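Residues per chain, in single letters:
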Amino acid sequence: MAFIVTENCIRCKYTDCVEVCPVDCFYEGPNFLVINPDECIDCALCEPECPAEAIFSEDEVPANISEKKDAMEDAEKWDGVDGKLEYLEQ
């Protein structure tokens, strides 16, 4: 079971976790980090190092959604619009 970087990493991108990873399974996006689950060895060294508390064991990720919900009121207006990352809310 791998560790997962959750959304609190977005626009923080602390790299303390990268420094302690013995297998270099972290990859960098423009404003976030991710863990490659095929490379992660579940050592858990990264989790306590994250200042944003954005890293969780796969089975401990908070608030997973597993059922269909209605789309947001203005979903059609926003579907396909570029540059929406600035509107990401936490």
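Coordinates for the structure precede this section.
Source: prediction; values computed, not measured.

### Digging into the overall build of the protein
Scanning the protein for helices and strands turns up 2 helices and 4 strands. For 90 residues, the compact-globule estimate of 2.2 N^0.38 gives 12 Å, and the protein exceeds it by more than 25% at 15 Å. Along the first, second and third principal axes, the C-alpha set of the protein runs to 45 × 30 × 20 Å. The buried share of the protein, reckoned over its 90 residues, is 26%. Considering only contacts in the protein between residues 6 or more positions apart, those separated by 24 or more positions represent 53%. Of the roughly 7,100 Å² of accessible surface on the protein, a fraction of 48% belongs to carbon and sulfur atoms.

### Side note on the packing of aromatic side chains
Using the criterion set out here, one finds 1 aromatic pair in the structure. With 5.2 Å between their ring centres and 65 degrees between their planes, Trp78 and Tyr87 make a pair best called edge-to-face.

How each quantity is defined
Residues numbered from 1 in each chain as written. Predicted model: local features only at pLDDT ≥ 70, side-chain atom pairs only at ≥ 80, totals over all residues. Heavy atoms only, no water. Helix = DSSP H or I, 4+ residues; strand = E, 2+ residues; numbered from the N terminus. Rg over C-alpha atoms; globule rule 2.2 N^0.38 Å. Buried < 20%, exposed > 50% of the residue type's maximum accessible area, 1.4 Å probe, protein only. Contact = heavy atoms within 4.5 Å. Areas by Shrake-Rupley, 256 points an atom, 1.4 Å probe, with all protein chains shown as cover. Phe/Tyr/Trp six-rings, centres within 6.5 Å; stacked < 30°, edge-to-face > 60°.

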